[in-house]
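The lines below spell out each chain.
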Amino acid sequence: MTYQDQIDDALKGHGADYCEIRIEETDSTRLTYRGKELEDIAQTSGRGGNVRAVVNGGWGFASFNDLDDLKEKVGGAVEQARLVGGEGTKLADVDPVVDIVPPVVVNSAADVPLDEKKRQMDHYNDLVWSVEGIQSSDIIYGDNRRRVTFGSSQGTYIEQEFNHVISRISAQAREGGDVQQAGFSLGSLGDYNLVQGLDEQVIDAAKRAVGLLSAKALTGGERTVILDPVLAGVFVHEAFGHLSEADNVSENEKLLELMYMGRKFGGKHLNFTDGAAIPGLRGSYKYDDEGTPAVRTPLVRDGELVGRLHSRETAAMLDEKPTGNARAIGFNFPPIVRMTNTIIEPGEATLEDLLEGVDEGVYVANWYGGMTQHEMFTFSSGEAYMIRNGKIEEPVRPVMLTGNLFNTLENLDAVGNDLDMNQGGGCGKGGQMPLPVSNGSPHIRIRNCLISGA
Amino acid sequence: MTDDLLKRAKDKFGNAEVYRVRSESYPISFENNHLKEVMRRDQAGVALRVISNGRVGFSSTTNPERESELVDRVGTLAPFGSEAKFEFPAQADIPDVATYDSAVENITNESLIKKGQRLLDALLAKWPEALCDVRFGRSMAEESVQNSAGVERSVKHSGYYAAIGAQLIRGTDMLNVWASHSSHNVFGEDVEDRVLAEVLEALEHSKELASAPSGDVPVLFTPRGVAATLLDPLLSGFNGKNVVTGSSPIIGREGEKALDSRLSVYDNPLLAGASGSRPVDDEGIPARKIGLIENGVIGEPVFDLQTAGQAGRKSTGSAQRGLASTPNPGISVVDIAAGDTPYAQMLAEMEDGLIIEGLLGAGQGNELGGDFRANVALGYRVKNGEIVGRVKDTMISGNVYTVLDNIEAIADTSEWVYGSIRTPAMRCRGVELASGGDAS
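Keep in mind that this is a model prediction, so the values were computed, not measured. (Residues numbered from 1 in each chain as written. Chains lettered and ligands numbered in written order. Predicted model: local features only at pLDDT ≥ 70, side-chain atom pairs only at ≥ 80, totals over all residues. Heavy atoms only, no water.)

### Points about the overall build of chain A
Part 1 of the argument: Of the regular secondary structure elements, chain A holds nine helices and 24 strands.
Part 2 of the argument: Here chain A has a C-alpha radius of gyration of 23 Å; the compact-globule value for 454 residues is 22 Å, and the two agree.
Part 3 of the argument: Principal-axis analysis of the C-alpha atoms gives chain A an extent of 70 × 55 × 35 Å.
Part 4 of the argument: Counting only contacts in chain A whose residues sit at least 6 apart along the sequence, the fraction spanning at least 24 positions is 73%.
Part 5 of the argument: With an accessible surface of roughly 16,300 Å², chain A has 47% of that area assigned to carbon and sulfur atoms.
Part 6 of the argument: The positive charge centre, built from 42 side chains, and the negative charge centre, built from 68, are 2 Å apart in chain A. (Helix = DSSP H or I, 4+ residues; strand = E, 2+ residues; numbered from the N terminus. Rg over C-alpha atoms; globule rule 2.2 N^0.38 Å. Contact = heavy atoms within 4.5 Å. Areas by Shrake-Rupley, 256 points an atom, 1.4 Å probe, with all protein chains shown as cover. Lys, Arg positive; Asp, Glu negative; His and termini not counted. Charge placed at Lys NZ, Arg CZ, Asp CG, Glu CD.)

Quick look at the structure:
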C-alpha cells in the first residue's frame, strides 16, 4: 500500500475537528574531524511518522517509527485531543491541495561518492594544520535528505523533499591555558558545490585563530558597532524575528499591546522580511508542515510593524492571514511557528558611509550564535576589529552583543546596500533544533550597543 | 548470542557491537494558563559499530525495514573510518543503581493534568496577571549494548518531570521565570511544591527593577546560577575529547592545586534518583564516581573507549551516545560538595553585589579556555544583605578557573538543579560586569 493509501485509510472516520498525518524518510551522511584525524564517518537512515489531531481547540499528538496500525494511532491522538478540549478549534482556512513537489537540487550531494567527500574534507583539515601554531581543528560536513508525505482530513496531500548540506570549519590555537578558536559555517539546499573551493577561507580562519592569542580583549560597555552582513542576519533573527512568531502573542494580550500593527520600531530605513517563498535559500520550501503554501511576509516597513509569522491556528486566533511558517524539525515533533529566510532589506549606504563619523567603535563579523528571550537578545561575533577614525583596524577578541528590542532598533541608525545571506545557521525553539533557516542583511550600524568584556 | 544483527556482523567483521534503544514518553503541556496538548512519543532504533582492518565502521537506522542493510553499509564505511584505538570490552560486573521506577507505568494522562492544574491554580492565585506554562511528563526507555566480546547489557530507565514557567509584562519590561525537576523516580507533591516555590520566589524578588552594581563586587551564584554560568566552561576541560585534541586547559595539570581548596566536583552516575544516573555506560563499561576536582586539585577527565585509547588511558565508563553517531565521553551527574556557610549568611554578608539565577546566551562564545560571558536573564541586586530588585540589560563575563579560585563562600547544602546536577550556591569574586547606560 502506498503512503497515500495508508494515510487516506487511517484518516477515515477520525472523529476530530481536524486531523493530519506526516510520514518521513531520511538519509544522512556526516563526517567529523577533531584534531589531525577523522573522528567519525556515519551514514544513518530514518523513518517515522506522526498523527496530530485537534478537538475543541485541544491538541493530541502521537509520533512513532513503526507505521503499523496507523488507524489505531489516529484513534490515540484523537482521544488525547478530546482529553485536552477547550473553547473550540480555530484554524485559518487554507485551500486543500494535492501536489507532488519535484525535488530541485543542483549538484546534489547525494550523487557525490563518499570517498570524494572525505578527500575534500581531508584536504581542508590538512590546510588548517598547515598554519603554524594550530592546536586542533574541528570540522563537520553533513548532508541530509528528508522526504515528507503529508495528508490531512481536509483533503490536502503533499509529497515534498528537503535536501541540505552543511559544513562548519573551525581551528583552535592554544597558549598555556588560553585557547582561542576561529571558523565559519555554511549551508545550502543540497548543493555540494557549497563545500568546494574554500581553501582561502579555511587558511584565513586558521590564521585568525592563531592571531587571536595575541589580540587584546575589550572591556564591556556601550559602543558604536558595525555588523557585517552575516552577523547582521543573526541580529535580525534574534532581535526581531522571534518576537514576530505569532505563537508568542496569539494568547498574550499584554505582548500584543506592544506588538500591534503600525507600531514604530525605528527609522524609515528599517525594512524586515521573512519568507520561505524567497527561492534557493535554506529556509525555502513550497509548503510548510501543515500544508500551507509559503509566502513572503513583510514584517517591518519604513520602521513600522506590518506583519508577523503564523501557523494556521495563530492566524485564526488573531484574524490574520496564514503565512506558511508552521515547521517541525522531524516527524517526532509537532509543527510550531518558525522563521524561514529572514532579511533586513538593503538601503543605499556603502560600508564607507557607515564607517564615516565613527571615531571609535567595533567592527563585528561572523557568528558563534544567538539567543532570544522575548524583548532581550544576545548574539556573538566570530570576529571583531577596532574602528578608529572611520577605519577598520587591528583584530580584538570576539565579543557578545546584547540588546533590548524596544531600544536597540531605535539605535540602528544606518543600513548598507550590500545584502548578503548567512546560510550556515540552525535555529532552536521548543526543544526543536537545529531547524534549517537562513538570514541576511547588508552591513548595519548600531549606536550605544552593549557588548561584553572578554 | 541472541541478536541476529550482531551475529551477522560478527560473522563478517569479527569485532562488532549493536546498540538498541526503544522509548515511550508521554508529555502534557499547559500553555498560556490552559491545557494545550497531550502527546505520546515512541522512538526506536539500532546502531551497528564494527572494527574492520583496524578501522571503525558505523551506521544506524530508525527504519526497521532497513536494519538488514546495516552490515553492508558499515562494510562500505569502515575503510574511510577512524583508526580504532580500542577493543570491544568483555562483560564485567556492574554496580547496583536503581534507574527504573515501575510506578511510572501506571500514571494516567488524567492524573498528570490534575497535577498540572493544581500548580497552575496555585500560581495564578498569587499572580493573577501572570501567563503560565506547566509541563509534566513520564517516560520508559530501554537501552541495550551487545558486542562480540561478550557484553550483553540492557538497562531500563524511567523518567518523570515537572516544569513551571511564568511570564509577567509591565509596560515594555518582561520577566520570564522557569523551574523544573526531573528524576528516574516518580515524585510527589512536596517536590512539585518546591518547584512552584522557586518560581514564586523569583517573581517576588523581581517585583522591583534595580540598577546593576559596578566595580569589583561579589557575585552570588545560586545553584541554578552555578549550573547556568560555571559548569559548561569548567566541564568542557574535563571531556576526554578536548584532552585528546589538546584543547583542554587541564592538560598536564592533573594533581595540581588550581582552584579553591573547598571545591570538590564529581561526576557521580551512581547517585540514586538523579535523572542521569546509571550502572553502566553506553559501551558496556561499569559506571563509577569520578573525582573531577577534589579539594581544589585537578582530578581525572572522563573518557570513552576511543578517546581513552587515544590518550593511552582506560575508559572511565563515561560513554554517551544516541543513534546518530559513535559514542562520545560525557558527564552523567554533576555532584558538587556542599561547603559550610548557610545561604542566609552568604546573602547577609553582601554589602553590595549581584545574585545570578539564569543567563541568556551562555555557551555562545569560546568556552574551551574556561571563559564565560552572557546576558543576565535573571539576577538580583543585593544591598546591605538584602535583595532590592531585578537587574537587567547587564552582561557578565569571566573565566571559571579564575572565579573558582576566588570563592568567598560555599553554601552548606547542595540542591538539585534540573534533576541531573547537585550543587551548592557559591559566592565568588573575579566576575566582570557591563551594563547599559540606560539600564533602569
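That was the structure; now back to the text.
### Focus on the overall build of chain B
Part 1 of the argument: Counting its regular elements, chain B contains ten helices and 23 strands.
Part 2 of the argument: Computed over C-alpha atoms, the radius of gyration of chain B comes to 24 Å, within 12% of the 22 Å expected from 2.2 N^0.38 for 440 residues, which places it in the range of a compact globule.
Part 3 of the argument: Each of the three principal axes of chain B carries a C-alpha extent, and together these read 70 × 55 × 35 Å.
Part 4 of the argument: Within chain B, contacts between residues separated by at least 24 positions form 71% of all contacts whose residues are at least 6 apart in sequence.
Part 5 of the argument: By element, 45% of the accessible surface of chain B is carried by carbon and sulfur atoms, the whole surface being about 15,800 Å².

### Examining the domain arrangement of chain B
All names here are of chain B.
Part 1 of the argument: You can read the domains of chain B as domain 1 (4-203) and domain 2 (208-440).
Part 2 of the argument: Distance between the C-alpha centres of domain 1 and domain 2: 23 Å.
Part 3 of the argument: If you look at the interface, domain 1 gives 45 residues, while domain 2 gives 36 residues.
Part 4 of the argument: Carbon and sulfur atoms supply 59% of the area that domain 1 and domain 2 bury against each other, a total of about 3,100 Å² over both sides. (Domains from an automatic or database assignment. Buried area = accessible area lost by both parts, 1.4 Å probe.)

### Some thoughts on the side chain of Ser167 of chain A
All names here are of chain A.
Part 1 of the argument: Along the chain, the position of Ser167 falls in strand E6 (residues 157-175).
Part 2 of the argument: Given a relative accessible area of 3%, Ser167 falls into the buried group.
Part 3 of the argument: Within polar-contact distance, the side chain of Ser167 engages the backbone oxygen of Ile140 at 3.0 Å.
Part 4 of the argument: Other than its neighbours up to four places away in sequence, Ser167 contacts Met121, Ile140, Tyr141, Phe184, Ser185, Leu186 and Val195. (Buried < 20%, exposed > 50% of the residue type's maximum accessible area, 1.4 Å probe, protein only. Polar contact = N/O pair within 3.5 Å; in protein donor to acceptor, adjacent residues only side chain to side chain.)

### Here's the deal with the pairing of strand E5 (residues 152-170) of chain B
Residues and elements named next belong to chain B.
Part 1 of the argument: Of all 19 residues making up E5, 14 are buried, and the element is well covered by its neighbours.
Part 2 of the argument: Where strand E4 (residues 131-147) lies against E5, 16 bridges are found, and the strand directions are antiparallel. Within E5, the residue paired with Gln146 across the bridge is Glu152.
Part 3 of the argument: Turn length for the E4-E5 hairpin, with the two strands adjacent in sequence and antiparallel, is four residues, and the turn residue Gly150 shows positive phi of about 115 degrees.
Part 4 of the argument: Inspection of the sheet shows E5 paired to strand E6 (residues 173-183) by eleven bridges, in the antiparallel sense. Along E6, the bridge assignment pairs Ile169 with Met174.
Part 5 of the argument: Count of turn residues in the E5/E6 antiparallel hairpin: two residues, of which Gly171 carries a positive phi of about 60 degrees. (Pairing = 2+ DSSP bridges.)

### Details of the interface of chain B and chain A
Part 1 of the argument: Facing 75 residues of chain B, the contacting portion of chain A comprises 78 residues.
Part 2 of the argument: Linking chain B to chain A there are five salt bridges.
Part 3 of the argument: With a shortest N-O distance of 2.6 Å, Glu39 of chain A and Lys241 of chain B are connected by a salt bridge.
Part 4 of the argument: Across the chain B-chain A interface, the total number found is 39 residue pairs in polar contact (both at pLDDT 80 or more).
Part 5 of the argument: Element by element, the count of residues in the side of chain B that touches chain A is highest for strand E2 (residues 34-52) of chain B, at eleven residues.
Part 6 of the argument: Residues belonging to the side of chain B that touches chain A are distributed by class as follows: 23 nonpolar, 33 polar and 19 charged. (Salt bridge = Lys/Arg side-chain N within 4 Å of Asp/Glu carboxyl O. Nonpolar A, V, L, I, M, F, W, Y, C, P; charged D, E, K, R; others polar.)

### A look at the sheet that holds strand E14 (residues 334-336) of chain B
Part 1 of the argument: Ordered by their spatial adjacency, six strands build an open sheet running E11-E10-E9-E14-E21-E20 (chain B), and the pairing between neighbours is mixed. Both outer strands of the open sheet, strand E11 (297-298) and strand E20 (415-417) of chain B, are each paired with one neighbouring strand and no more.

### Notes on the nonpolar core
Part 1 of the argument: Counting residues in hydrophobic clusters, the biggest one holds 49 residues, and the most contacted among them are Leu227, Phe235 and Phe240 of chain A.
Part 2 of the argument: Discounting residues that sit within four places of it in the chain, Leu227 of chain A has contacts with Ala232, Phe235, Val364, Phe379, Pro442, His443, Ile444 and Ile446 of chain A. (Core = buried A, V, L, I, M, F, W, Y, C linked by side-chain atoms within 4.5 Å.)

### Side note on the packing of aromatic side chains
Residues and elements named next belong to chain A.
Part 1 of the argument: In this structure the tally under the stated criterion is eleven aromatic pairs over all chains.
Part 2 of the argument: For the ring pair Phe235 and Phe377, a centre distance of 5.8 Å and an interplane angle of 80 degrees mean the geometry is edge-to-face. In this pair, Phe235 is assigned in helix H5 (residues 229-244) and Phe377 in strand E16 (residues 376-388), connecting sequence segments 142 residues apart. Comparing Phe235 with Phe377, the two get one shared label, buried. (Phe/Tyr/Trp six-rings, centres within 6.5 Å; stacked < 30°, edge-to-face > 60°.)

### Comments concerning H5 of chain A
Part 1 of the argument: Along H5 of chain A, the sharpest kink reaches roughly 35 degrees, centred on Glu238 of chain A.
Part 2 of the argument: In terms of residue burial, H5 of chain A counts as a mostly covered element, since 16 of its 16 residues are buried. (Bend = angle between axes of the 7 residues up to and from the residue.)

### Brief notes about the pattern of salt bridges
Part 1 of the argument: The tally for this structure, following the rule as stated, stands at 67 salt bridges over all chains.
Part 2 of the argument: Measuring nitrogen to oxygen at the nearest pair gives 2.8 Å for the salt bridge that ties Asp99 of chain A to Lys286 of chain A. Placement of Asp99 of chain A in strand E4 (residues 98-100) and of Lys286 of chain A in the loop between strand E9 (272-275) and strand E10 (296-301) is noted, with a sequence separation of 187 residues between them.
Part 3 of the argument: According to the relative accessible area criterion, Asp99 of chain A is buried, its value standing at 14%.
Part 4 of the argument: Each of Glu25, Asp27 and Arg147 of chain A together with Arg66, Glu69 and Arg73 of chain B takes part in salt bridges that share partners, so that together they form one network.

### Section: the packing of helix H1 (residues 3-11) of chain A against helix H2 (residues 70-84) of chain A
Residue and element names in this part refer to chain A.
Part 1 of the argument: The N-to-C vectors of H1 and H2 enclose an angle of 45 degrees; their axes lie 8 Å apart at closest approach. Here H1 lies oblique to H2, going by the angle between them. In this structure, H1 crosses over H2, and the sense of that crossing is right-handed. Residues Gln6, Asp9 and Ala10 of H1 touch H2, and the partners they reach there are Leu70, Lys71 and Val74.
Part 2 of the argument: When grouped by side-chain class, the residues that make up the contact of H1 with H2 number three nonpolar, one polar and two charged. (Axes fitted to C-alpha atoms, helices over the stretch in contact; angles between N-to-C directions. Parallel < 35°, antiparallel > 145°, perpendicular 65-115°, else oblique. Left-handed = near helix turned anticlockwise from the far one by under 90°.)

### As for helix H3 (residues 109-126) of chain B
Part 1 of the argument: Compared with an ideal rise of 1.5 Å per residue, which puts 18 residues at 26 Å, H3 of chain B spans 26 Å between its outermost C-alpha atoms and is within 8% of the ideal.
Part 2 of the argument: For H3 of chain B, the set of buried residues is Asn109, Leu112, Ile113, Gly116, Leu119, Leu120 and Leu123 of chain B. Axial view of H3 of chain B: buried residues confined to an arc of 130 degrees, hence all on one face. Residues of H3 of chain B that are exposed and angled more than 90 degrees away from the buried face: Lys114, Ala125 and Lys126 of chain B.
Part 3 of the argument: Check the buried side of H3 of chain B and you find it contacts H2 of chain A together with strand E1 (15-31), E2, E4, E5 and helix H4 (189-205) of chain B. (Expected span 1.5 Å × (residues − 1). Arc of directions from axis to C-beta.)

### Considering the sheet that holds E10 of chain A
Residue and element names in this part refer to chain A.
Part 1 of the argument: In spatial order, the strands read E11-E10-E9-E14-E23-E20; together these six strands make up an open sheet with mixed pairing. On the outer flanks of this sheet lie strand E11 (304-305) and strand E20 (420-422), each paired with one strand and no other.
Part 2 of the argument: For E9 and strand E14 (residues 341-344), the ladder comprises three bridges, and the chain directions are antiparallel. Note that in E14 the partner of Asp274 across the bridge is Thr342.
Part 3 of the argument: Seen against the sheet, H5 touches E9, E10, E11, E14, E20 and strand E23 (438-441) and runs at an angle of roughly 115 degrees to E23.

### Comments concerning the domain arrangement of chain A
All names here are of chain A.
Part 1 of the argument: According to the domain assignment, chain A contains domain 1 (3-212) and domain 2 (221-451).
Part 2 of the argument: Taken together, the contacts link 45 residues of domain 1 with 39 residues of domain 2.
Part 3 of the argument: With both chains or domains summed, domain 1 and domain 2 bury close to 3,300 Å², and 52% of this area falls on carbon and sulfur atoms.
Part 4 of the argument: The largest share of the area that domain 1 buries against domain 2 comes from Ala92, Val94 and Leu212, three residues that together contribute 15% of it.

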